[in-house]
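Here are the chains, one letter per residue:
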Amino acid sequence: MARRPVVLVAPRWVPESTSGSERIAPQEAIADCFVDAILAAGGLPLVMSLTEDEGVIDSYLELADGVAVPGGQDVNPALWGDESPYDESLLCGVRDAFELKLVRRVLELDKPLFATCRGMQLLNVALGG
(Lines give C-alpha, C1' and ligand atoms only; values in the text may rest on other atoms or scores of the structure.)
Protein backbone atom coordinates (compact mmCIF):
# COMPACT_ATOMS: atom_id res chain seq x y z
CA MET A 1 0.00 0.00 0.00
CA ALA A 2 1.40 3.40 -0.99
CA ARG A 3 2.00 6.08 1.63
CA ARG A 4 -0.66 8.77 1.66
CA PRO A 5 0.78 12.28 1.18
CA VAL A 6 0.65 14.30 4.40
CA VAL A 7 -1.36 17.49 4.00
CA LEU A 8 -0.94 20.02 6.82
CA VAL A 9 -4.12 21.91 7.57
CA ALA A 10 -4.08 25.36 9.16
CA PRO A 11 -6.75 25.32 11.89
CA ARG A 12 -9.54 27.74 12.55
CA TRP A 13 -9.40 29.52 15.90
CA VAL A 14 -12.53 29.58 18.03
CA PRO A 15 -12.37 32.12 20.88
CA GLU A 16 -13.11 31.34 24.52
CA SER A 17 -16.78 30.78 25.22
CA THR A 18 -19.15 29.82 28.00
CA SER A 19 -21.50 26.86 27.98
CA GLY A 20 -23.82 26.98 30.99
CA SER A 21 -21.49 27.36 33.96
CA GLU A 22 -18.47 25.91 32.12
CA ARG A 23 -15.84 28.21 30.61
CA ILE A 24 -14.50 26.64 27.42
CA ALA A 25 -10.92 27.54 26.48
CA PRO A 26 -10.11 28.81 22.98
CA GLN A 27 -9.98 25.97 20.49
CA GLU A 28 -8.18 25.14 17.29
CA ALA A 29 -10.57 23.33 14.97
CA ILE A 30 -11.13 22.09 11.45
CA ALA A 31 -14.32 21.43 9.51
CA ASP A 32 -14.88 17.70 9.04
CA CYS A 33 -15.79 18.21 5.37
CA PHE A 34 -12.27 19.58 4.79
CA VAL A 35 -10.70 16.50 6.43
CA ASP A 36 -13.07 14.21 4.53
CA ALA A 37 -12.13 15.82 1.19
CA ILE A 38 -8.39 15.37 1.83
CA LEU A 39 -8.93 11.73 2.81
CA ALA A 40 -11.13 11.10 -0.24
CA ALA A 41 -8.40 12.57 -2.47
CA GLY A 42 -5.89 10.10 -1.01
CA GLY A 43 -4.16 12.47 1.42
CA LEU A 44 -3.56 12.22 5.14
CA PRO A 45 -4.68 15.44 6.88
CA LEU A 46 -2.62 16.66 9.82
CA VAL A 47 -4.04 19.62 11.74
CA MET A 48 -1.36 22.08 12.80
CA SER A 49 -1.17 24.03 16.04
CA LEU A 50 -1.50 27.80 15.82
CA THR A 51 1.94 29.21 16.49
CA GLU A 52 4.17 32.05 15.41
CA ASP A 53 7.27 30.01 16.31
CA GLU A 54 9.11 29.63 13.01
CA GLY A 55 10.98 26.56 14.29
CA VAL A 56 7.70 24.79 15.04
CA ILE A 57 6.31 25.78 11.63
CA ASP A 58 9.46 24.42 9.97
CA SER A 59 9.17 21.16 11.95
CA TYR A 60 5.62 20.72 10.67
CA LEU A 61 6.70 21.52 7.12
CA GLU A 62 9.41 18.85 7.25
CA LEU A 63 6.61 16.30 7.72
CA ALA A 64 4.43 17.71 4.97
CA ASP A 65 3.97 16.94 1.32
CA GLY A 66 1.61 19.91 1.02
CA VAL A 67 -0.34 22.50 3.00
CA ALA A 68 -4.00 23.54 3.00
CA VAL A 69 -5.30 26.87 4.29
CA PRO A 70 -9.11 26.81 4.59
CA GLY A 71 -11.72 29.53 4.85
CA GLY A 72 -12.82 31.40 7.92
CA GLN A 73 -12.76 34.93 9.26
CA ASP A 74 -11.81 37.90 7.09
CA VAL A 75 -8.15 38.81 6.68
CA ASN A 76 -7.49 42.14 8.41
CA PRO A 77 -7.57 44.89 5.74
CA ALA A 78 -4.78 46.71 7.61
CA LEU A 79 -2.42 43.97 6.38
CA TRP A 80 -2.65 45.41 2.86
CA GLY A 81 -2.67 49.04 3.98
CA ASP A 82 -6.39 49.75 4.27
CA GLU A 83 -6.90 51.72 7.49
CA SER A 84 -10.67 52.19 7.04
CA PRO A 85 -12.86 51.19 10.00
CA TYR A 86 -13.69 47.47 9.91
CA ASP A 87 -15.88 45.25 12.08
CA GLU A 88 -13.38 43.62 14.46
CA SER A 89 -15.77 40.73 15.12
CA LEU A 90 -15.13 39.54 11.54
CA LEU A 91 -11.34 39.30 12.04
CA CYS A 92 -8.92 36.88 13.68
CA GLY A 93 -5.50 38.37 14.37
CA VAL A 94 -4.27 35.05 15.79
CA ARG A 95 -4.85 33.32 12.45
CA ASP A 96 -3.53 36.26 10.43
CA ALA A 97 -0.17 36.19 12.22
CA PHE A 98 0.17 32.39 12.05
CA GLU A 99 -1.02 31.92 8.48
CA LEU A 100 1.09 34.74 7.06
CA LYS A 101 4.23 33.12 8.47
CA LEU A 102 3.07 29.69 7.33
CA VAL A 103 2.15 30.71 3.78
CA ARG A 104 5.33 32.72 3.25
CA ARG A 105 7.42 29.76 4.43
CA VAL A 106 5.49 27.31 2.22
CA LEU A 107 6.19 29.58 -0.76
CA GLU A 108 9.91 29.80 0.15
CA LEU A 109 10.10 26.00 0.30
CA ASP A 110 8.08 25.64 -2.94
CA LYS A 111 5.68 23.14 -1.34
CA PRO A 112 2.21 22.58 -2.81
CA LEU A 113 -0.37 24.94 -1.30
CA PHE A 114 -4.14 24.56 -1.48
CA ALA A 115 -5.89 27.75 -0.39
CA THR A 116 -9.65 28.25 -0.27
CA CYS A 117 -11.67 31.37 0.48
CA ARG A 118 -9.83 33.10 3.38
CA GLY A 119 -6.75 31.09 2.40
CA MET A 120 -6.78 32.70 -1.06
CA GLN A 121 -7.16 36.16 0.46
CA LEU A 122 -4.25 35.49 2.81
CA LEU A 123 -2.13 34.15 -0.08
CA ASN A 124 -2.79 37.39 -1.93
CA VAL A 125 -1.64 39.44 1.08
CA ALA A 126 1.44 37.23 1.57
CA LEU A 127 2.41 37.94 -2.03
CA GLY A 128 2.03 41.69 -1.59
CA GLY A 129 -1.52 42.12 -2.92
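All of these numbers come straight from a predicted model, not from anything done at the bench. (Residues numbered from 1 in each chain as written. Predicted model: local features only at pLDDT ≥ 70, side-chain atom pairs only at ≥ 80, totals over all residues. Heavy atoms only, no water.)

*Asks:* So what exactly am I meant to see when it comes to helix H3 (residues 93–109) here?
*Replies:* Each α-helix winds once per 3.6 residues, and so residues spaced three or four apart point in a common direction. For H3, which comprises 17 residues, the first-to-last C-alpha distance of 24 Å matches the rise-based estimate of 24 Å (1.5 Å per residue) to within 8%. Residues Arg95, Asp96, Phe98, Glu99, Leu100, Leu102, Val103 and Val106 constitute the buried set of H3. Buried residues along H3 sit against strand S2 (12–14), helix H2 (54–63), strand S7 (66–69), strand S8 (113–115) and helix H4 (118–126). Of the residues flanking the end of H3, it is Asp110, one or two places downstream, whose phi is positive at about 60°. (Helix = DSSP H or I, 4+ residues; strand = E, 2+ residues; numbered from the N terminus. Expected span 1.5 Å × (residues − 1). Buried < 20%, exposed > 50% of the residue type's maximum accessible area, 1.4 Å probe, protein only. Contact = heavy atoms within 4.5 Å.)

*Asks:* Before we go on, may I ask you to explain the pairing of S7 in this structure?
*Replies:* The side chains of a regular strand alternate, first on one face of the sheet and then on the other. Because side chains alternate across S7, one face comprises the buried residues Gly66 and Ala68, and the other comprises Val67 and Val69, equally buried. Here strand S1 (residues 6–9) runs beside S7; their pairing, made up of 3 bridges, is parallel. Counted as the bridge partner of Val7 is Gly66 from S7. The pairing of S7 with S8 spans 3 bridges and is classified as parallel. Its bridge partner lying in S8, Val69 is registered against Ala115. In this view, the connection linking S7 to its parallel neighbour S8 by way of H3 has right-handed handedness. (Pairing = 2+ DSSP bridges. Right-handed = clockwise from strand over helix to strand, strands pointing away.)

*Asks:* Whenever I open this one, the packing of H3 against H4 confuses me. Can you help?
*Replies:* Each pair of packed helices can be summarised by the angle the axes make with each other and by the distance between the axes. At a closest axis distance of 9 Å, the pairing of H3 and H4 adopts a crossing angle of 65°. Relative to H4, the element H3 is oriented roughly perpendicular. Between H3 and H4 lies a crossing whose hand is right-handed. For the pair H3 and H4, contact is made by Arg95, Asp96, Glu99, Leu100, Val103, Arg104 and Leu107 and by Arg118, Leu122, Leu123, Val125 and Ala126, respectively. In terms of residue class, the contact of H3 with H4 is made up of 7 nonpolar, no polar and 5 charged. (Axes fitted to C-alpha atoms, helices over the stretch in contact; angles between N-to-C directions. Parallel < 35°, antiparallel > 145°, perpendicular 65-115°, else oblique. Left-handed = near helix turned anticlockwise from the far one by under 90°. Nonpolar A, V, L, I, M, F, W, Y, C, P; charged D, E, K, R; others polar.)

*Asks:* What's the story with unusual backbone geometry in this structure? I'm lost.
*Replies:* Residues other than glycine seldom take positive phi values, yet Asp110 does so here, at roughly 60°. In this structure, Asp110 sits in the loop between H3 and S8. Exposure remark for Asp110: the relative accessible area of 67% places this residue in the exposed category. Of note, the phi angle at Cys117 is positive, near 50°, even though the residue is not glycine. Tracing the sequence through the fold places Cys117 in the loop between S8 and H4.

*Asks:* What exactly am I supposed to notice about the packing of aromatic side chains here?
*Replies:* Evaluated as defined, the whole model comprises 1 aromatic pair. Geometrically, the ring pair formed by Phe34 and Phe114 is tilted, given 6.3 Å between the ring centres and 35° between the ring planes. With a gap of 80 residues between them, Phe34 in helix H1 (residues 32–40) and Phe114 in strand S8 connect regions that are remote in the sequence. (Phe/Tyr/Trp six-rings, centres within 6.5 Å; stacked < 30°, edge-to-face > 60°.)

*Asks:* Please explain the state of the cysteines as it appears in this structure.
*Replies:* Covalent bonding between the sulfur atoms of two cysteines is what defines a disulfide. Tallying each qualifying case throughout the model produces 0 disulfides. In this structure Cys33 is a free cysteine whose sulfur lies 12 Å from that of Cys117, the closest cysteine sulfur available. The class for Cys33 is exposed, based on a relative accessible area of 54%. (Disulfide = S-S within 2.5 Å.)

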